[in-house]
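Reading the structure
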Amino acid sequence: MEKLFLVALILTSFNACTSLKNIDNNRLINFKNGTVMKMEFSDHQKARTYAMERRLLILRKFEVMIEPYFGTANAQSCQSNLSSDLLKSNKSTLTALLQLPVSGEEHVIHDCLVENNTHWVNIELLVCDKNFYDIRQYSPIKSKPDYKDKFTCP
Amino acid sequence: MSMINLLVVFFMIIGCSHNTPTKKSLSLILGCSIHNQDGKIIKSFPGTNCVYFPDGSLVSYNPVEKLLQKFDKNLSVIWTLPLHVHHGIHLTHENKLLINSSVVKENIRYDEIFLIDLHGRIQKKYSFYEHFDEIKKNFVSGKHSFEPYKTSWDQNLNFTHEYSHLAASYEIAQDMPGFAQKGSILLTFNTYGRGVYVLSKDFNKITHYEKLTVGIFHDAQSVNSHEIVYFVNTGRDKRSRVEFYDVNKNKVSKTIDRDFFAFFAGSVQIVNDDLVLVTDGKSKHGKVPDLQIEKNLSLQNMVELSKETFNRIIYLSGKGEVIKELHLDFKIGSAKLQDVQSFLKHNLGL
């Protein structure tokens, strides 16, 4: 009974720390060790604009993170810690990929130096018709993941 | 071990891991990042100065493009205002943004103070450039020379000199008889005429000037009907300290002196009767710079020392006793405790 209680306690704590955001699309729910966010817009153009704004915001955040290191050797290593590509775009879809270091359990984009972070995140911003997805996969800072798009629109 | 013992141990562990000196709902705000009371980062947003709202929206200053922007809870831009912003943004009791800005004329920077509503519309403005003669005549007339000070502290703004250096603007929360009306603005004014200025509620004129016998100081705020509080920076003779100044008696009424250290930044917040929050600097290696060096202080080694220092946040009791210290790995001028639970609940994050 006591053992069962302990196991339940550990499982509850673990679940609280690692809960994923569910989305409607079953294809993405089983995504391991990451988070998925979905937003539906009234038309494709709005979804596309939102995706591009969000991408710009992340890039801008990274830009500001580098600022304290301007003029130092760290500035260059900061620059090399960001990968950013607009991979595909056609009439009804758009895919943008970002890779950068993040910090702590909350995976916060906060400092551009690897030594001040705990994880790498691959962010895939995907627009499928009127839907926008922000798909994130995290890896420990010591094992930098592949940098490529993994999802396509249904 | 019985179930009851196990539960006791469990709750002891939970209790120990939340050793916070104040209400849990308060978070540490360090510009555009939000931390828990132990300094652990929770959220971060682009920009250097941010103001957070309960519906999940925020106002942020982007220093690279010099843009003030409001974002909704999903981080879509609601409005953008091109404006230089420095030394923090504060909210007035009417939920308007009080902003320190600048105008540059012939490479000389002058301070400007704006009151902006939450739709991004400028409501009021006071310009030290436009009131330059008045300031010079009334507040710095005793100076033998009145030359602009050589500095270029903001790499994003093109200037070589400045006359004024405004380090904070706060709305005065209550009437301070003989000193300031409720709703007027208290300005922390460094460089010439160092002291606190009171800007009238309508932003038309400076109504009061109180010369403080301190070196560089930061973050002056009204505390009650007769006192202001501010952070005094490290100078030639003393380390930094927090002073309460009685504007009726024209003298310091209380000092909190706990080996604080900061040449050019620092802040103080009177959270409540039992809690004071101070931000100062400390070297990244955990040491407070040696006071001996101050015997030979020059601007150059002050700047060099300042580059070496990172932030320390100190929780103090109402009596000034140190409760807890946090050491951060990055620089930021000021930390404030604020309830942003509703913002965190509604905002999508980056």
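Residues numbered from 1 in each chain as written. Chains lettered and ligands numbered in written order. Predicted model: local features only at pLDDT ≥ 70, side-chain atom pairs only at ≥ 80, totals over all residues.

**Re the interface of chain B and chain A**
Counting from both sides, the interface comprises 23 residues of chain B and, opposite them, 22 residues of chain A. Where the side of chain B that touches chain A is concerned, the elements lending two or more residues are helix 1 (3-16) and strand 3 (41-44) of chain B. The element best represented in the side of chain B that touches chain A is strand 3 of chain B, accounting for 4 residues. Looking at the side of chain B that touches chain A residue by residue, the class counts come to 12 nonpolar, 7 polar and 4 charged. (Contact = placed C-beta atoms within 7 Å. Helix = DSSP H or I, 4+ residues; strand = E, 2+ residues; numbered from the N terminus. Nonpolar A, V, L, I, M, F, W, Y, C, P; charged D, E, K, R; others polar.)

**Re the sheet that holds strand 14 (residues 164-171) of chain B**
Sheet strands associate in pairs through backbone hydrogen bonding, adopting either a parallel or an antiparallel arrangement. All names here are of chain B. Pairing is antiparallel in the open sheet, where 4 strands are placed in the order 14-15-16-17. The two strands at the open ends of the sheet, each matched to only one other strand, are strand 14 and strand 17 (206-211). Across the sheet, the mean angle from the axis of one strand to that of its neighbour is 25 degrees, orientation sign disregarded. Pairing geometry for strand 15 (residues 185-191) and strand 16 (residues 195-199), over 5 bridges, is antiparallel. In the sheet register, Ile 185 faces strand 16, and the bridge partner there is Leu 199. (Pairing = 2+ DSSP bridges. Axes fitted to C-alpha atoms, helices over the stretch in contact; angles between N-to-C directions.)

**A closer look at the confidence of the model for chain B**
Residue and element names in this part refer to chain B. Taken as a whole, chain B shows an average pLDDT of 86; of its residues, 83% reach a score of 70 or greater. Strand 11 (residues 122-127) holds the highest mean pLDDT among the elements of chain B, 97, whereas helix 1 holds the lowest, 48. The model gives residues 8-20 a pLDDT under 50, and that stretch makes 2 contacts with residues more than four places away or in other chains. Overall fold confidence (pTM) sits at 0.83, and the ipTM for the predicted complex is 0.72. (pLDDT = per-residue confidence, 0-100.)

**Considering the nonpolar core**
Judged by nonpolar contacts, the single largest core of 102 residues is most densely connected at B:Leu58, B:Ile89, B:Leu186, B:Leu187, B:Ile228, B:Tyr230 and B:Val278. Top element by residues in this core is helix 3 (residues 44-66) of chain A. It accounts for 8 residues. When sequence neighbours within four positions are dropped, the list of residues in contact with B:Tyr230 reads B:Thr188, B:Phe217, B:His218, B:Asp219, B:Ala220, B:Glu243 and B:Val268. (Core = buried A, V, L, I, M, F, W, Y, C linked by C-beta atoms within 7 Å. Buried ≥ 20, exposed ≤ 12 C-beta atoms within 10 Å, placed from the backbone.)

**A word on the pairing of strand 19 (residues 227-232) of chain B**
All names here are of chain B. The element strand 19 is extensively covered by neighbouring structure, given that 6 of its 6 residues are classed as buried. Taking every second residue as pointing to the same face, both faces of strand 19 are buried, with Glu 227, Val 229 and Phe 231 on one and Ile 228, Tyr 230 and Val 232 on the other. Of the strand pairs in this sheet, strand 18 (residues 217-222) and strand 19 are connected by 4 bridges, and their pairing is antiparallel. Counterpart to His 218 in the pairing with strand 19 is Phe 231.

**Focus on the sheet that holds strand 6 (residues 67-71) of chain B**
Residue and element names in this part refer to chain B. With antiparallel pairing, the 4 strands of this open sheet are ordered in space as 4-5-6-7. Among the strands making up the open sheet, the edge pair consists of strand 4 (49-52) and strand 7 (77-82). Strand-to-strand twist in this sheet, taken as the mean axis angle between neighbours without regard to direction, amounts to 15 degrees. Bridge count for strand 6 against strand 7 is 5 bridges, and the pairing is antiparallel. Following the sheet pairing, Lys 70 is matched in strand 7 by Trp 79.

**With respect to the confidence of the model for chain A**
Residue and element names in this part refer to chain A. On average, residues of chain A carry a pLDDT of 78, and 77% of them reach 70 or more. Averaged pLDDT values over the elements of chain A bottom out at 39 in helix 1 (residues 2-18) and peak at 95 in strand 3 (residues 93-102). For the stretch residues 4-32, pLDDT sits under 50, and the model shows 21 contacts to residues farther than four places along the chain or on other chains.

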